[in-house]
Amino acid sequence: MSAVTSPMTTTVASPDKSPEHHYLNHSSGFLSWALTLDHKRIGMMYLAGILFSFFLGGVFALAIRIHLWNPNLDPEAAWLSNATYNRVFTLHGAIMVFLFIIPSVPAALGNFLLPIMLGTKDVAFPRLNLGSFYLWVTGLLFFTYTLFSSGIDTGWTFYTPYSIESKSAVEAATLGVFILGFSSIFTGLNFIVTINTMRPPGMTWFKMPLFLWAVYATSIIQVLATPVLGITVLLLALERFIGIGIFDPALNGDPVTFQHFFWFYSHPAVYIMILPAMGIISELMSVHSHKGIFGYRMIAYSSIAIALFGFLVWGHHMFTSGMADVTTIVFSALTFTVSIPSAIKVFNWLGTMYQGTVALNTPMIYALAFIFLFTIGGLTGLFLGALSTDMHLHDTYFVVAHFHYVMMGGTLVAFLGGLFHWWPKMTGKMFNDTAGILSAAIVFVGFNLTFLPQFVLGTRGMPRRYASYVREFQQLHQLSTIGAMTLGLGLLVAGLVLLHSLFYGKKAPMNPWGGATLEWECSSPPPHDNFSSPPTVGDPYDFTSVEYDGKTGSYFKKKK
Amino acid sequence: MKIESPRQQGRHPFPKFQKTMTEVAAPADGHGHDHHDHPSWLAHHFDDAEQQYDSGKLGMWLFLVTEVLFFSGMFCAYVLYRNRNPEVFEFCSAFLNEKLGAINTGVLLFSSLTMAWAVRASQLKQTKILVGMLGATLGCAAMFLGVKSVEYSHKWGIGLLPGRYYVAQVENAPHAETNYLQMLCVIPAILSAVFLLYYVYSLVIASKFHQRVAGPLLVSGLCFFAGVGLGNILEGGEHHDEHGAGSHAHDDAHGHAHADPLVQGVATAEKATVETADEGISFVKTSGGPVNDVAVTKEEEGIPNSKVNNQGMAGLFFSIYYCMTGVHAVHIIGGMLVITWLIVKASREEFHSEYFGPVDNVGLYWHLVDFIWIYLFPLLYLIT
Ligand code: HEM
Ligand SMILES: [Cu+2]
């Protein structure tokens with residue numbers, strides 16, 4: 001581990017021309033990327049892979065919505081056959097969850113930012129980090145195989161016994177999930193160790209940026225929950241290979257046990273998705289309000305609280321699966337308690353904006369959209385956590401709308417906000433802010449148009465995962481489809497804005513937004529070893545010493 | 001929550017940034033990043049040996065946590081099914097040979113000792129002892145697998161297979177044609193041959209390093225077959241007698257530790273099924289139920305213990321048995337790979353008092369693998 005780059009690479013710029021020398025031009029050639037141990041390059045490779053998966057999942061999503069334009073009461077005349085429809089929505093869900101949203105913030109942005117925010121050279125285990133990336137790629141290959149063989153039609157939840165009988169390529173998909181799980185575990189493990197042992201002098205736990213708290217809490221869940229998913233999908237694969245029967249009622253096995261195992265991971269997994277997004281929002285709110293974060297400790301503690309409470313509520317996915325009455329009541333009550341730390345965060349973000357100097361630029365608009373959408377998503381979760389209402393709403397479009405509000409309106413929107421926020425740092429290029437705001441606006445409108453009607457559909461009884469519906473629902477479904485197209489357009493604009501910046505963007509200054517965390521103290525993009533002079537660790541949310549310099553268009557820290 | 005990282009305790013006055021400064025000043029030589037004060041065993045992004053060691057240690061502990069959770073899924077399944085069908089577990093565990101289980105427990109416990117000794121030797125830079133102890137650990141692991149191969153192949157031969165493939169046990173059952181044990185021995189045999197060649201080669205070129213590596217590998221190859229031999233004496237002999245007597249009821253004749261499960265099981269199984277039936281949760285009772293559909297077909301009605309001796313009952317036990325012991329065996333094999341890696345490093349004399357983290361951490365992993373077996377043994381073998 002003596003050198004970070006492989007011997008096969010060549011250095012093209014010398015370190016003494018400091019500003020020109022950065023991690024992107026440090027060395028070149030395919031192998032200098034494929035074998036890199038640099039967390040920044042690994043983060044960028046993740047970013048590319050994740051955006052590709054998002055695109056793939058998005059294509060399936062549009063296929064679902066186009067299919068549902070018509071009620072399809074006659075399956076023969078429908079655009080997609082019922083069997084194809086099942087495959088399309090399963091692949092959409094599985095790709096979005098396992099390949100995109102779970103690794104999105106931690107593996108892409110987290111990898112890039114975590115060591116820089118800590119003022120270190122790299123994560124604790126750079127090789128393991130690269131290994132995680134290749135595990136992710138292997139998982140992607142398994143899914144690609146699934147896609148080109150018989151697909152998969154079980155729903156992303158792989159419920160038995162159907163997943164045992166299904167003729168589709170369940171084995172490949174479950175092994176893919178198994179491998180992706182280990183990718184996620186190793187990333188989490190790496191981050192926990194890095195934060196524990198590699199913080200710089202002066203950075204106590206409560207001087208850490210809140211993004212790191214969020215990533216830390218996420219990593220705890222990744223390490224504690226994902227192994228259970230691993231063994232569950234492994235047993236499911238064995239169920240298909242050698243018929244072990246543990247989850248197979250035909251062999252006296254118990255499908256409800258499968259659901260318990262699955263949700264023991266997958267409920268905490270929704271916090272793997274949302275916690276890092278919340279971390280992003282904490283940074284965005286404070287930096288773009290130019291005001292210290294309100295209630296730092298409460299936000300930090302609530303991240304950990306969410307991580308721990310999140311392990312106790314998985315049963316709320318199974319209220320109708322046949323559990324003892326007492327069990328359902330306990331799970332319902334516990335579900336309500338997890339919403340408290342989430343609410344704490346929302347209030348703290350609002351408190352941060354209050355009397356701040358709010359800059360309405362692209363990242364901030366996305367952050368505001370997040371607060372709005374996440375709040376709706378979280379509040380509708382309460383309807384589902386309440387036993388009596390969930391009996392009616394379970395397995396309807398209400399659930400679909402709920403989790404899209406939290407996962408897409410929450411995590412994806414925060415991810416985009418974070419991407420815009422750190423884009424100048426990562427690529428060294430400024431994007432067109434007006435066009436960025438336009439993309440955020442289209443995404444926001446398109447998103448609500450897609451999913452608000454689904455709440456209504458759900459309460460009226462439209463079941464999820466159906467390829468056809470009664471005529472009464474057609475108008476709402478069509479609204480939703482139009483919304484999905486708009487949403488797609490908004491994302492396209494966002495993508496074009498970022499692409500455009502790569503080629504025509506102005507050179508990004510060191511600190512374009514006025515942030516006080518350490519990543520804004522190294523050049524954009526950062527040099528190979530992150531810092532050319534030692535950063536002084538201070539309060540990450542002290543904006544009184546951050547000043548704007550009109551000449552360079554950059555903020556800088558006043559030396560005390 | 002006030003755990004201070006080593007860097008905060010002021011042990012190092014920012015060495016890394018001093019380095020970066022000199023580096024920037026120095027002319028580029030392709031790789032301006034080799035730090036002269038960084039010994040080769042200290043990774044470039046760590047400040048000092050202690051930080052590197054602490055990171056590795058914490059990483060390993062976290063990994064062990066994930067391992068425990070990984071197994072916990074199967075332990076859960078075990079608890080659920082044992083709780084629901086205790087009579088099945090009693091019936092089935094009688095098919096497991098607790099002598100072989102006990103021997104393997106002893107072998108693994110001993111390997112924990114040698115592993116711990118290896119850690120000490122690496123700290124004291126006693127290369128010979130270190131390589132010897134790692135070799136002994138590797139040998140024990142191989143022996144464990146040898147014994148396990150006998151157990152597995154014997155069970156496969158008489159149809160004690162997981163779930164759907166379980167064959168109801170009857171007296172005078174025909175023996176399988178396939179010799180599973182031979183199949184399991186193919187890879188170890190090839191490996192042993194390779195190790196032998198390697199060892200001869202190392203003697204020929206008189207390389208101390210290669211001898212140190214090849215020796216333990218060859219010994220562990222042989223240990224596998226020692227395990228097979230040992231297992232065969234305890235299980236295979238019994239196997240023959242059965243054949244000779246043409247009956248499963250060999251135990252009385254040989255004063256064997258476990259009574260014939262087919263006979264002994266009747267009482268317990270009958271009793272237990274009635275008990276559970278009273279509580280209305282028996283899966284066996286329901287005549288049109290799934291178990292009867294699958295497992296007990298018309299022709300099989302004559303088999304002994306048909307209520308538990310079927311795919312949905314005994315088969316499920318063996319599913320759990322194979323999953324748990326199989327995943328454990330995979331961990332043993334993984335451990336053997338990393339121990340081999342350690343042997344190579346140790347033979348190069350890489351370890352010393354400031355750098356022994358890899359031995360220490362592999363040791364932790366190895367103890368966990370033993371520890372899991374310590375649970376598996378009584379839970380599976382010692383039920384009756
Ligand atoms: C804020 C508090 C939250 C509460 C009280 C809550 C509650 C619930 C409940 C009770 C269900 C089950 C509904 C049913 O199937 O009948 C559910 C489903 C779901 N929730 Fe949430 N939730 C919350 C936040 C989140 C977050 C933050 C995410 C993800 C980022 C999320 C993602 C999901 C998903 C994916 C499902 C559906 C899974 C499926 O069946 O395919 N939820 N939620
Ligand atoms: Cu949940």
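Calculation rules
- Residues numbered from 1 in each chain as written.
- Chains lettered and ligands numbered in written order.
- Predicted model: local features only at pLDDT ≥ 70, side-chain atom pairs only at ≥ 80, totals over all residues.
- Heavy atoms only, no water.
- Helix = DSSP H or I, 4+ residues; strand = E, 2+ residues; numbered from the N terminus.
- Buried < 20%, exposed > 50% of the residue type's maximum accessible area, 1.4 Å probe, protein only.
- Rg over C-alpha atoms; globule rule 2.2 N^0.38 Å.
- Contact = heavy atoms within 4.5 Å.
- Areas by Shrake-Rupley, 256 points an atom, 1.4 Å probe, with all protein chains shown as cover.
- Lys, Arg positive; Asp, Glu negative; His and termini not counted.
- Charge placed at Lys NZ, Arg CZ, Asp CG, Glu CD.
- Near = heavy atom within 4 Å.
- Polar contact = N/O pair within 3.5 Å; in protein donor to acceptor, adjacent residues only side chain to side chain.
- Nonpolar A, V, L, I, M, F, W, Y, C, P; charged D, E, K, R; others polar.
- Donors = N, O, S within 2.8 Å, 3.2 Å for Na, K, Ca; no water.
- Salt bridge = Lys/Arg side-chain N within 4 Å of Asp/Glu carboxyl O.
- Expected span 1.5 Å × (residues − 1).
- Phe/Tyr/Trp six-rings, centres within 6.5 Å; stacked < 30°, edge-to-face > 60°.
- Lys NZ or Arg CZ within 6 Å of the ring centre and 35° of its normal.
- Pairing = 2+ DSSP bridges.
- pLDDT = per-residue confidence, 0-100.
- 1 Å grid on protein atoms, 1.4 Å probe; cavity = no way out; pocket = protein on both sides within 12 Å on 5 of 7 lines; lining within 4 Å.
- Points joined across faces, edges and corners; volume = space filled by probe spheres on them.
- Core = buried A, V, L, I, M, F, W, Y, C linked by side-chain atoms within 4.5 Å.
- Disulfide = S-S within 2.5 Å.

J.: Would you mind going over the overall build of chain B in detail, with residue names and values included?
T.: A count of helices and strands for chain B gives 12 helices and zero strands. When the helices and strands of chain B are listed from N to C terminus, the series reads α-α-α-α-α-α-α-α-α-α-α-α. Counting over 384 residues, chain B shows a buried share of 53%.

J.: If you had to explain the overall build of chain A to someone new, which residues and values would you point to?
T.: On a plain count of helices and strands, chain A comes out with 15 helices and four strands. For a compact globule of 560 residues, the expected C-alpha radius of gyration is about 24 Å, and chain A comes in at 23 Å, within 12% of that figure. For chain A, the spread of C-alpha atoms along the principal axes amounts to about 70 × 50 × 45 Å. Across the 560 residues of chain A, 64% fall into the buried class. A separation threshold of at least 6 residues defines the contact pool for chain A, and within that pool the share at least 24 residues apart is 78%. Approximately 19100 Å² of chain A is accessible, and the part contributed by carbon and sulfur atoms is 70%. Looking at chain A, you have 27 positive and 25 negative side-chain charges, and the mean spots of the two groups are 10 Å apart.

J.: So, the site of ligand 1: which residues are in play, and what are the values?
T.: All names here are of chain A. With respect to spatial proximity, 20 residues lie near ligand 1, and among them Trp-156, Asp-390, His-394, His-402 and Arg-464 are the closest. In the environment of ligand 1, an oxygen atom lies 2.6 Å from a nitrogen or oxygen atom belonging to the side chain of His-394. Note that a nitrogen atom of ligand 1 is positioned 2.8 Å from one of the side-chain N or O atoms of His-402. Residue assignment for the shell around ligand 1 shows that the elements contributing at least two residues are helix H8 (255–289), helix H11 (362–385) and helix H13 (397–427). Tallied by class, the residues present in the shell around ligand 1 amount to 10 nonpolar, eight polar and two charged.

J.: Account for unusual backbone geometry, naming residues and giving values.
T.: In most cases, non-glycine residues show a negative phi, while peptide bonds are predominantly trans. Residues and elements named next belong to chain A. Residues Thr-160 and Pro-161 are joined by a peptide bond in cis, for which omega reads 0°. By secondary structure assignment, the location of Pro-161 is in the loop between helix H4 (126–148) and helix H5 (162–165). Here Ser-524 and Pro-525 are connected by a cis peptide whose omega angle stands at -10°. Mapped onto the secondary structure, Pro-525 falls in the loop between helix H15 (474–504) and strand S3 (546–549).

J.: How would you explain the coordination of the copper ion (ligand 2) if you had to name every residue and give the values?
T.: Residue and element names in this part refer to chain A. At the metal site, the copper ion (ligand 2) is ligated by His-267 (ND1), His-316 (NE2) and His-317 (NE2), and these contacts range over 1.9 to 2.0 Å. Along the chain, the residues donating to the copper ion (ligand 2) fall in the pattern H-x48-H-H. Between the copper ion (ligand 2) and the iron atom of ligand 1, a spacing of 4.5 Å is present. Taken together, the residues His-267 in helix H8 and His-316 in the loop between helix H9 (296–309) and helix H10 (325–353) connect sequence positions 49 residues apart. Taken individually, His-267 and His-316 each receive the classification buried, so the pair is uniform in this respect.

J.: Run through the environment of Tyr-405 of chain A, naming residues and quoting values.
T.: All names here are of chain A. The topology assignment puts Tyr-405 in helix H13. Along the sequence, Tyr-405 and Val-313 sit 92 residues apart, while their C-alpha atoms lie 19 Å from each other. In this view, Tyr-405 contacts Leu-373, Phe-374, Ile-376, Gly-377, Gly-410, Phe-447, Asn-448, Phe-451, Leu-452 and Phe-455; residues no more than four positions away in its chain are not counted.

J.: Go over the pattern of salt bridges with me, naming the residues and quoting the values.
T.: Oppositely charged side chains are able to pair whenever their charged atoms sit close together. All names here are of chain B. As enumerated under the stated definition, the model contains 10 salt bridges over all chains in all. A salt bridge links Lys-57 to Asp-360; the nearest nitrogen and oxygen atoms lie 3.0 Å apart. Taken as a pair, Lys-57 in helix H2 (residues 49–84) and Asp-360 in helix H12 (residues 357–381) lie far apart in primary sequence, 303 residues in all. By relative accessible area, which is 11% here, Asp-360 ends up buried. Here Arg-348 makes a salt bridge to Glu-350, at a shortest N to O gap of 3.0 Å.

J.: Outline helix H4 (residues 98–123) of chain B, supporting the account with residue identities and numerical values.
T.: Residues and elements named next belong to chain B. Taking 1.5 Å of rise per residue, the 26 residues of H4 would be expected to cover 38 Å, and the 38 Å separating its terminal C-alpha atoms lies within 8% of that figure. Where H4 begins, the side chain of Asn-97 points an oxygen toward the backbone nitrogen of Lys-99, at a separation of 2.9 Å. Note on H4: the residue one or two positions beyond its end, Lys-125, has a positive phi of about 60°.

J.: Mind laying out the packing of aromatic side chains, listing which residues take part and the relevant values?
T.: Residue and element names in this part refer to chain A. One pass over the full model with this rule turns up 66 aromatic pairs over all chains. Where Phe-264 meets Phe-311, the ring centres are 5.8 Å apart and the plane angle is 50°; that geometry is what we call tilted. Of this pair, Phe-264 sits in helix H8 while Phe-311 sits in the loop between H9 and H10, and the two are 47 residues apart along the sequence. The exposure class of Phe-311 is buried, given its relative accessible area of 11%. We note Arg-41 situated over the ring of Trp-33; from NZ or CZ to the ring centre the distance is 4.4 Å. Taking the ring centre of Trp-205 as reference, the NZ or CZ of Arg-199 above it sits at 4.5 Å.

J.: Give a description of the side chain of Arg-65 of chain A that names residues and reports values.
T.: For Arg-65 of chain A, the position within the fold is in helix H2 (residues 39–67). Every residue in contact with Arg-65 of chain A, bar those within four places of it in the chain, is listed here: Tyr-397, Gln-454, His-477, Ser-480, Thr-481 and Ala-484 of chain A.

J.: Now, about the coordination of the iron atom of ligand 1: what can you tell me, with residues and values included?
T.: Its sole protein donor being His-402 of chain A (NE2), the iron atom of ligand 1 sits 2.1 Å from that atom. Counting through the fold element by element, His-402 of chain A comes out in helix H13.

J.: Residue-level account of the pairing of S3 of chain A, with values.
T.: Examined bridge by bridge, S3 of chain A and strand S4 (residues 554–557) of chain A share four bridges and lie antiparallel to one another. Paired with Tyr-548 of chain A across the bridge in S4 of chain A is Tyr-555 of chain A.

J.: Please set out the confidence of the model for chain B residue by residue, giving values where relevant.
T.: Predicted coordinates in areas of low pLDDT are best not read in detail. Residue and element names in this part refer to chain B. Per-residue pLDDT for chain B averages 79, and the proportion of residues at 70 or more is 72%. Here residues 238–259 scores under 50 on pLDDT; set against residues more than four positions off or in separate chains, the count is 28 contacts. Low pLDDT, under 50, characterises residues 265–296; the stretch is placed with 44 contacts to residues that sit more than four places away or in other chains.

J.: Account for the layout of surface pockets, with residues named and values stated.
T.: Considering only enclosed or pocket space, the second largest pocket measures out at about 1400 Å³ in volume. As for the second largest pocket, its lining consists of 36 residues, of which Phe-125 of chain A together with Met-60, Trp-341, Pro-358 and Asn-361 of chain B are closest to the centre. Those elements that provide at least two residues to the lining of the second largest pocket are H4 and helix H6 (170–197) of chain A together with H2, helix H11 (314–347) and H12 of chain B. It is H2 of chain B that contributes the most residues to the lining of the second largest pocket, nine residues altogether.

J.: Which residues make up the nonpolar core, and what values go with them?
T.: In this structure, Phe-98, Trp-349 and Phe-370 of chain A together with Phe-317 and Phe-318 of chain B are the most contacted members of the largest nonpolar core, which totals 267 residues. For this core, the leading source of residues is helix H3 (residues 82–117) of chain A, giving 22 residues. Contact partners of Phe-98 of chain A, with chain neighbours within four places excluded, come to Pro-103, Phe-143, Trp-156, Phe-158, Val-177, Leu-180, Leu-229 and Tyr-265 of chain A.

J.: Which residues make up the state of the cysteines, and what values do they have?
T.: Residue and element names in this part refer to chain B. Under the criterion given, the structure shown has zero disulfides over all chains. Take Cys-92: it sits in no disulfide, and the sulfur closest to it among the cysteines is that of Cys-323, at 14 Å. With a relative accessible area of 0%, Cys-92 lands in the buried category. A disulfide-free cysteine, Cys-223 has its sulfur positioned 7.0 Å from the sulfur of Cys-140, the nearest such atom. For Cys-223, a relative accessible area of 19% gives the class buried.

J.: Can you tell me about helix H3 (residues 86–93) of chain B, naming the residues and giving the values?
T.: By the criterion of burial, H3 of chain B is predominantly enclosed, with six of the eight residues buried. Every buried residue of H3 of chain B is listed here: Glu-87, Val-88, Phe-89, Phe-91, Cys-92 and Ser-93 of chain B.

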